[in-house]
Amino acid sequence: MIAFVLSGGGNRGALQAGALLALIERGIRPDLIVGTSVGALNGAALAADPTLEGARRLAEQWRRVRRADVFPGNPLTVGWRILTGQGSLHAQANFGRMVHGTLPAGALRFKDLKVPCVVTATALSSGRIRLLGADPDERLLDAILASTAIPPFYPPYRYGDELLIDGAIVANLPLSLAIVRGARTIYALEIVDGMAAGGGAGLFHTLASSLTAMLNRQHEQERRTVALAHQRGVTIHDIALTSGKNLAYNDFGHSAELVEAGRRATLEYLDTLPAARPQPLSRLALRLRSALRPLAAPPAPNTPSA
């Protein structure tokens, strides 16, 4: 089983779109996709259409995304939301429309996906991981909005009787979820940039630094998971994706560049892998003859000499 595991990464999710395009271009198709936060959006979109056309469509969607599609408003509206106790810096309605536009037509629930997909969120009351996708009737929109509800930028997402927040809070790169589901080869698309607030002091800088510290701690835990997986015979292709830029969390002006950067980094990684050695035709023919040859008659028993 081949699994794609996609980390969170906010506005740098365009890197993953480029990476997915590179994998599909090289003929690498997933049997399972596990996604967290923006990786949930990218993973569900590819799971709905795991073809080259689908990967290209996802990349094109990222090239066109703008700040107002994800984080609407300005400093005045953000300040008003804080003063009126609305629980977040931005509303999630615009992003919901972006999600709807990113998913292929007809992909509304997990049962509509062509490839099994699991999305993670975090239960606000317990701090435990919450998996979405086991129920085929669950809506993709609910799962993605819950998985991307990162505080304080978005409010907690109400799902039934639960309040859910960003899955990256608990597991930014949920490799273990793919392993326990039987994955033997994993392509881990991890966005390794720290979340930036544009530099300087202040609230946004503090929030971004705190989130980065939390994700770095998770990164250490995930490396231990990788080591254990290798011991158990699981192959993990750890493809690190970086923008090379100190992007503010709401800066979507470089998405087209990031798509190309993610595609380029993935192709470069794949080029370092040893090529599969073709089986010599003579050996194949020998094996085929051996398989088709009728069983030889058992040797005659020895006759005692007179």
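From a predicted model like this one, the values you see are computed outputs, not experimental measurements. (Residues numbered from 1 in each chain as written. Predicted model: local features only at pLDDT ≥ 70, side-chain atom pairs only at ≥ 80, totals over all residues. Heavy atoms only, no water.)

**A short note on the overall build of the chain**
To be explicit about the condition: Numbering goes from the N terminus for both helices and strands, where a helix is a DSSP run of H or I of at least four residues and a strand is a run of E of at least two. The rule is simple: take the accessible area with a 1.4 Å probe, protein chains only, and divide by the maximum for that residue type; under 20% is buried, over 50% is exposed, in between is partly exposed. The contact criterion used throughout is that any non-hydrogen atoms of two residues lie within 4.5 Å.
What the chain contains, in helices and strands, is 11 helices and eight strands. Each of the 306 residues in the chain was classed as buried or not, and the buried ones make up 45%. Of the contacts made within the chain by residues no fewer than 6 positions apart, 78% connect residues no fewer than 24 positions apart.

**Regarding the environment of Ala240**
Relative to the helices and strands, Ala240 is located in strand 8 (residues 235-241). In sequence terms Ala240 and Tyr269 are 29 residues apart; their C-alpha atoms lie 9.3 Å from each other.

**Comments concerning the packing of helix 2 (residues 38-48) against helix 7 (residues 140-147)**
Note the cut-off: To get an axis, a line is fitted to the C-alpha atoms, and for a helix only the part in contact is used. The angle between two axes follows their N-to-C directions and goes from 0 to 180 degrees. Here the word oblique covers every angle except those under 35 degrees (roughly parallel), over 145 (roughly antiparallel) and from 65 to 115 (roughly perpendicular). The sense of a crossing depends on the near helix, which, turned anticlockwise from the far helix by less than a right angle, makes the crossing left-handed and, turned clockwise, makes it right-handed. All residues other than Ala, Val, Leu, Ile, Met, Phe, Trp, Tyr, Cys, Pro, Asp, Glu, Lys and Arg, Gly among them, are scored as polar; the first ten of these are nonpolar and the last four charged.
Interhelical geometry of helix 2 versus helix 7 gives an angle of 155° and a closest axis separation of 7 Å. By the angle between their axes, helix 2 is roughly antiparallel relative to helix 7. Once helix 2 is placed against helix 7, the crossing between them reads as right-handed. Residue-level contacts link Ala40, Leu41 and Ala44 of helix 2 to Leu140, Ile144 and Ser147 of helix 7. For the contact of helix 2 with helix 7, the residue count by class is five nonpolar, one polar and no charged.

**Topic: the packing of helix 1 (residues 13-25) against helix 10 (residues 255-271)**
Relative to each other, helix 1 and helix 10 sit at 40°, their axes nearing to 6 Å. On the basis of their axis angle, the class for helix 1 and helix 10 is oblique. Crossing handedness for the pair helix 1 and helix 10: right-handed. Here Ala14, Leu15, Gly18, Ala19, Leu21, Ala22, Leu23 and Glu25 of helix 1 lie close against helix 10, whose contacting residues are Ser255, Leu258, Val259, Ala261, Gly262, Arg263, Thr266, Leu267 and Leu270.

**Thoughts on the pairing of strand 4 (residues 129-132)**
Applicable threshold: A pair of strands counts as paired when DSSP detects no fewer than two bridges linking them.
The pairing of strand 3 (residues 117-123) with strand 4 spans four bridges and is classified as antiparallel. Bridge pairing in strand 4 places Thr122 opposite Ile129. If you look at the hairpin formed by strand 3 and strand 4, you'll find five residues sitting between the two strands, and Gly127 has a positive phi there, around 75°.

**Observations concerning helix 2**
Along helix 2, 11 of the 11 residues are buried, which leaves the element largely enclosed by surrounding structure. Within the sequence span of helix 2, burial applies to Val38, Gly39, Ala40, Leu41, Asn42, Gly43, Ala44, Ala45, Leu46, Ala47 and Ala48.

**A look at the pattern of salt bridges**
Put simply, the rule reads: A carboxyl oxygen of Asp or Glu within 4 Å of a side-chain nitrogen of Lys or Arg is what we treat as a salt bridge.
Summed over the entire model, instances satisfying the criterion amount to nine salt bridges. Across the pair Asp271 and Arg26 runs a salt bridge whose closest N-O atoms are separated by 2.9 Å. Of the two residues, Asp271 sits in helix 10 while Arg26 sits in the loop between helix 1 and strand 2 (32-36), which places them 245 residues apart along the sequence. Here Asp271 falls in the exposed class, since its relative accessible area comes to 52%. Between Glu257 and Lys245 there is a salt bridge, and its shortest N-O distance comes to 3.4 Å. One end of the pair, Glu257, is in helix 10; the other, Lys245, is in the loop between strand 8 and helix 10, with 12 residues separating them in the sequence. Given the relative accessible area of 42%, Glu257 is considered partly exposed. When its relative accessible area of 33% is taken as the criterion, Lys245 is described as partly exposed. Residues joined by salt bridges that share partners form a network here, namely Glu60, Arg63, Arg64 and Glu260.

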